[in-house]
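Residue-level structural notes
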Amino acid sequence: MARKKTTTALWCISSIIFLLIFQAIPAEAISRGIMAEAIIESLAIPRWTGEEHFSDVPENHPAFPAVETARAYGIIFPGERFHPDLEATRMEALLFAFKAMGWSHEARLINFLVPKNNPQTPEYMIPYLTLGKACTPCAPEVFLSDPLENLNPQDLQELKDWLIQCRRSISWDQTFHGEYASLRVCREKIGTPPSSWAIFIKEFQDKENALSLQKNLSEQGLSAFMANTECAYAVYVGPYTNYVKAWEVLARIPADLAGQVVPYSEQGGNALFWAAIQIKDEQSPFIVTAHSLGKYILPLSQMNKELKAEGAINGGFFTKGKPIGTLLINGIPLFPSYERRSAVGWTAKGKALFGSGEFRAVLRKNDRIAPIGSLNTFPSQNGLALFSPEAGALPRPLQSDAEAFLLQQGAVKKLNRGDKARRIVPEGHVLLAARGYGIQIVNSLLEHGNPLSIEVQWRDSAMREAIFALQGGPMLLLDGQLQTKNEGFSKGFRERRHPRTLVGTDGKALWWIVVDGRDPWHSNGVTLMEASQLAHNLGLSTVLNLDGGGSSQLLWKGEIVNAIPGGKERPLPYGIFFGSRE
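What you see is a predicted model; the values in this text were computed from it and never measured.

Time to look at the sheet that holds strand β18 (residues 374-375). Strand order in this open sheet of 5 strands is β18-β19-β22-β20-β21, and the pairing throughout is mixed. On the outer flanks of this sheet lie β18 and β21 (411-414), each paired with one strand and no other. The sheet contact formed by strand β19 (residues 384-387) and strand β22 (residues 430-434) spans 4 bridges and is antiparallel. Each bridged residue has a counterpart across the sheet, and for L384 the counterpart in β22 is A434.

Here we take up the pattern of salt bridges. Throughout the structure, instances matching the rule amount to 15 salt bridges. Here D173 ties to R184 by a salt bridge, and the two come within 2.8 Å at their closest N and O atoms. Of the two residues, D173 sits in strand β1 (residues 171-177) while R184 sits in strand β2 (residues 181-188), which places them 11 residues apart along the sequence. The exposure class assigned to D173 is partly exposed, which follows from its relative accessible area of 38%. Residue R570 is joined to E203 by a salt bridge in which the shortest nitrogen-to-oxygen separation is 2.5 Å.

To summarise the sheet geometry, strands pair through backbone hydrogen bonds and adopt either a parallel or an antiparallel arrangement. Reading across the sheet, the 5 strands line up as β13-β12-β24-β14-β15 and stay open at both edges, with antiparallel pairing between neighbours. Two strands close off the open sheet at either side, each with one partner strand: β13 (332-335) and β15 (352-356). Mean inter-strand twist for the sheet, computed between neighbouring axes without regard to direction, equals 20°. Note that strand β12 (residues 327-329) and β13 share 3 bridges and pair antiparallel. Each residue of the ladder has a partner; that of L327, found in β13, is F335.

Of the two faces of strand β24 (residues 468-471), both are covered, the one formed by F468 and L470 as well as the one formed by A469 and Q471. Pairing between β12 and β24: 2 bridges, direction antiparallel. The residue of β24 that forms the bridge with L327 is L470. Here strand β14 (residues 342-346) runs beside β24; their pairing, made up of 4 bridges, is antiparallel. Each residue of the ladder has a partner; that of V344, found in β24, is L470.

With that out of the way, let us pick up helix α9 (residues 207-219). Here α9 is 13 residues long and its end C-alpha atoms lie 18 Å apart, about the 18 Å a rise of 1.5 Å per residue gives. Where α9 is concerned, the buried positions are A210, L213 and L217. For α9, the buried positions fall inside an angular range of 65° around the axis, keeping them on one side. Facing away from the buried side of α9, by more than 90 degrees, are the exposed residues E208, K215 and E219. Contacts from the buried residues of α9 go to β3 (197-204), β4 (224-228) and β5 (233-240).

The next thing to look at is the confidence of the model for the chain. When pLDDT is averaged across the chain, the result is 91; 95% of the residues are at 70 or more. Here residues 1-26 scores under 50 on pLDDT; set against residues more than four positions off or in separate chains, the count is 0 contacts.

Right, let's talk about the packing of helix α2 (residues 32-42) against helix α8 (residues 153-168) for a bit. Remark: α2 packs on α8, axes separated minimally by 9 Å, with the N-to-C direction vectors making an angle of 25°. When the interaxial angle is binned, α2 and α8 end up roughly parallel. Here α2 runs over α8; the crossing is right-handed. Contacts between α2 and α8 pair I34, M35, A38, I39 and S42 from the former with L156, L159, K160, L163, I164 and R167 from the latter. Each residue belonging to the contact of α2 with α8 can be placed in one class, and the counts come to 8 nonpolar, 1 polar and 2 charged.

Definitions and limits used
Note that residues are indexed from 1 along each chain, following the sequence as it is written. Since the coordinates come from a predicted model, pLDDT governs what is reported: local features require at least 70, and pairs of side-chain atoms require 80 or more to be given and counted, while whole-chain, interface and lining totals use all residues. Side-chain descriptors were evaluated using all non-hydrogen atoms of the structure, hydrogens and water having been removed beforehand. Following DSSP output, two strands are said to pair if at least two bridges run between them. We count a stretch as a helix when DSSP gives it H or I for four or more residues in a row; a strand needs E for two or more, and each element gets its number in order from the N terminus. Put simply, a salt bridge is a Lys or Arg side-chain nitrogen that is within 4 Å of an Asp or Glu carboxyl oxygen. Relative accessibility under 20% of the residue-type maximum defines a buried residue, over 50% an exposed one, and the middle range a partly exposed one, all with a 1.4 Å probe and only protein chains included. Note on geometry: axes are lines fitted to C-alpha atoms, helical ones only across the stretch in contact, with angles between N-to-C directions running from 0 to 180 degrees. By this rule the span expected of a helix is its residue count minus one, scaled by 1.5 Å. Note that the arc is computed from the directions linking the helix axis to the C-beta atoms. Here, two residues are considered to be in contact whenever any of their heavy atoms come within 4.5 Å of each other. For every residue, the predictor reports its confidence as pLDDT, a number between 0 and 100. Small angles under 35 degrees read as roughly parallel and large ones over 145 as roughly antiparallel, with 65 to 115 read as roughly perpendicular and the rest as oblique. Handedness of a helix crossing follows the sense of rotation of the near helix relative to the far helix, less than a right angle counterclockwise being left-handed and clockwise being right-handed. Residues were grouped as follows: Ala, Val, Leu, Ile, Met, Phe, Trp, Tyr, Cys and Pro as nonpolar; Asp, Glu, Lys and Arg as charged; and all remaining residues, including Gly, as polar.

What follows is the structure, given as C-alpha cells:
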C-alpha cells in the first residue's frame, strides 16, 4: 500500500514536471517575412507588379512579393534592411500593421498627445502600442500586454482576424482637455495605398512664378510639372509609381527647396481624419494678423511661436496675401465684405454669431454718420478711408491733398504734414484719412467736439454684437436646416473632395474643425455635402465653410495636428487663436 502511494506520488510529480517543461518550450516563432505576407494579405493591399525591384530580399525567397510590396508603398522605409528570416515580435507586427493601414500620421500624433509611460518598450514603438489600445476595435490583448514577446502562430491568427475586422471598421476618437479649450481627434477606417507618388516643391499664388520654377527644375533633368489647385499653382516633380523612386529622386532636389514626398493619386477610398477645437464657456478666440507680427504673411506655427496660444486654426479665404471679404478685429473692420457671402462672428464672451458678412463702416458723432468707403486702401477723391495697425504699414504716404486724423477711444487728433507722411499706424489707434468733400465732413463732425467713433453696420441683424468676424462660405447648415446656396463657389469646389476647415455650433460650444484630404491612405477629404453630414453627425446645427485645401491647418499646444497637403505650411495673412494672450 505504501509502495502504491509512493508510485502515485512520483507519477503526479513527474506529470507536473512534464507540464512545466512543456509550457516552458516556446511555440513555433513566426518570421518577419511570414508576418509581412500575412498582414498584406489580410488587408488586401494591391501587390507590387512593376518591373522595378528594390528589395534586399532575394527573388526566390518566399517573402519576396510581400517585402517588395511593402517597400513600394513605403511601409518599409527605403534603405532599411528588413531581414525577413528573423523572428518577429508582437510589437513589430503591430507597427507593420498600422503602417500598412495608413495610420502613421495617427501614431505620430498620439506620440505627442499621450504621455509615454512604458520605459521597457523601444521609444519608436510606443506610439503604435498606445494607438493599439486607443482604437476601436483595439488590438488583440496579447499584443498590448506582452508586446516584446516573439510572434507565434496563435498570435498571428489573432492579428489576421483583427485586421479583417479593421477592414470593415476601425476608428480612433479621443478628446484632450486644455485650459481654454478641448481638442478632439478622429480617424475612421483603413486607407488605400496611393497608386503614385510625387515630390511637392512649392506653391505659388501666380502662375508665372510656378512656371518659372517648373522650367528651372526641368532644365536640371527633373520631370517637373505644375498643378492648379483652384486657388494656387503647385509645382511637383514626378509622379512615380512607387515610393522608393520618389525618395531616390528627392536626393537630387536642391536642399533649399525642401521637397516632400507626398501621395499623388485620385483613387477613391473611405479613410477620413478630422480634428476639432471646442471652446470652453465664455472663452473668446482672437484673430491675429501676420502684419501685426511684422510680416506680410506667416505660417500659422510661426505666428503661434510669438503668441503661445493653446490652439490655432486658419480662417477665411485670401489671395496674394490679402483676405477676401470681411475681417473684423476688436470691433474695427480691416477689409470690406465680399458680396453677401456668409460669415462667423463672436462677442467678447465667445457667443457665436452666424449670418451674412455684408456690412458698411461709418464714422459716427451722436446721430450723425458719414460712410467710410475704403478700408486699409487710400481714400477716393471725396471719400474717407480707415487704416488700422493690424493691416500693416501704409504701402506709401497718403496723397498730398489728404488730411489725416488719429483716433483712440473716440479722441481725435489731426496730424500735421510731417506726421501725415508716416506710414505706420500706432498700436491702439486707427488712422482716418479724408480727401475733398470727405475733409469737410470730418471737420463738420469735429465742430461738435469729441468723441467720434467707428461703427460697423451689418446687413444681417444676427451679426450686430460681433467684435470679431470673418467671412467664409458657403453656409452649410443654419439652425439645423441644410443650406443650398452656392454663394458663388464653383461646382468643382463644392463637389470634389478636398481638405476643409469648418466652424459651427451645437448651441453650447463653438467648434473649429479641420478635415484632412488629398491622401487616400490617410484621409480623402470631403465634399461640402459630406462636410454638412459630418457636422450634423457631430450634433452641430449651424456650420460655415472656411478656407480649405492647403490652407487647412490646426495647431494644439504648438504642434500641427493635421496632415497638411504637400507636407508644408501655407503662409497665411491671419489666424484664429485660442487661449489668453496675456
